[in-house]
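Working through the structure, step by step
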Amino acid sequence: MQLLSNDPIAFARCMLGHTGWLGRRLLRSVRVSGLDIFWTVTADEASATAELFGAEMALANNLLALVQQYIRVQSDRLWLEPDFTGERAGERIVSFRLTSCAAVLLWLVIRLLHRLWKDPQLQPAAKA
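These notes cover the structure that comes with them.

**Here we look at a nonpolar patch on the surface**
Taken together, the side chains of Trp-39, Val-94, Phe-96 and Leu-98 present a nonpolar region at the surface, about 380 Å² in accessible area. The element that contributes the greatest number of residues to the nonpolar patch is strand S3 (residues 93-99), accounting for 3 residues. Note on placement: Val-94 falls in strand S3.

Below, the structure written as structure tokens:
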């Protein structure tokens, strides 16, 4: 999970690498429709909120572009809003519909779980 928080693009590449060639081909059959995201960005100070908002906007655009290279995405609302006062921090919404053949999704999930089990980078860190 540290890889996801530090470098989400590397995490996505790692996950796509685990699906294999056939998995990447089968991902084309997956469709995301009705994507509705409303996300507020809040920090302790207004300047930190503005800085965090810019970073999260860039991250959101990059992740959407990466996902759209492999999966068809139809979005209804993608809204990122700075919340300088912190009053709207709880108003976060993420909803979507995922459409695909059940066999394709089952195969992708099983292969991904198997590879995650074997990948040393994704194993929990050893405690000293």
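Having put the structure on the table, let's press on.
**Observations regarding the sheet that holds S3**
Sheets are built from strands that pair by backbone hydrogen bonding, the pairs being arranged parallel or antiparallel. Read across the open sheet, the 3 strands follow the order S2-S1-S3; overall the sheet is mixed. Two strands in the sheet have a free side with no partner beyond their single neighbour: strand S2 (72-82) and S3. Averaged over all adjacent pairs, the angle separating strand axes in this sheet is 10°, with direction ignored. Pairing between strand S1 (residues 31-41) and S3: 6 bridges, direction antiparallel. Along S3, the bridge assignment pairs Val-32 with Leu-98.

**A look at the pairing of S1**
Buried residues dominate S1, accounting for 8 of its 11 residues. The sheet contact formed by S1 and S2 spans 9 bridges and is parallel. Residue Arg-31 lies in a different strand from S2, and its bridge partner there is Arg-72. This β-α-β element, S1 to helix H3 (residues 46-70) to S2, shows right-handed connectivity.

**Observations concerning the environment of Leu-98**
With respect to the helices and strands, the residue Leu-98 is situated in strand S3. Residues within four places of Leu-98 in sequence aside, it is in contact with Val-30, Arg-31, Val-32 and Leu-105.

Reading the values: the criteria
Numbering of residues starts from 1 in each chain and follows the order in which that chain's sequence is written. Residues qualify for local features only when their pLDDT is at least 70, as the model is predicted, and side-chain atom pairs are given and counted only at 80 or more; totals for whole chains, interfaces and linings, by contrast, use all residues. Water and hydrogen atoms play no part in the side-chain values, which are based on all heavy atoms of the structure. A patch consists of residues exposed above 30% relative accessible area that lack any salt bridge, with like charges linked at up to 9 Å and nonpolar side chains (Val, Leu, Ile, Met, Phe, Trp, Tyr) linked at up to 5 Å. Calculation of accessible area relied on Shrake-Rupley with a 1.4 Å probe; when residues are assessed, cover is drawn exclusively from the protein chains displayed. By definition, a salt bridge exists where a carboxyl oxygen of Asp or Glu is found within 4 Å of a side-chain nitrogen of Lys or Arg. Put simply, DSSP marks the helices as runs of H or I at least four residues long and the strands as runs of E at least two long, and each gets a number from the N terminus on. For two strands to be treated as a pair, DSSP must find no fewer than two bridges joining them. For every element, the axis is a line fit to its C-alpha atoms; helices are fit only across the contacting stretch, and the angle between N-to-C directions ranges from 0 to 180 degrees. Burial classes: relative accessible area under 20% of the type maximum marks a residue as buried, over 50% as exposed, and values in between as partly exposed (1.4 Å probe, protein chains only). Crossovers are described as right-handed under a simple rule: with the strands pointing away from the observer, the path leading from the first strand over the helix to the second runs clockwise. Residue contacts are counted whenever heavy atoms from the two residues lie within 4.5 Å of one another.

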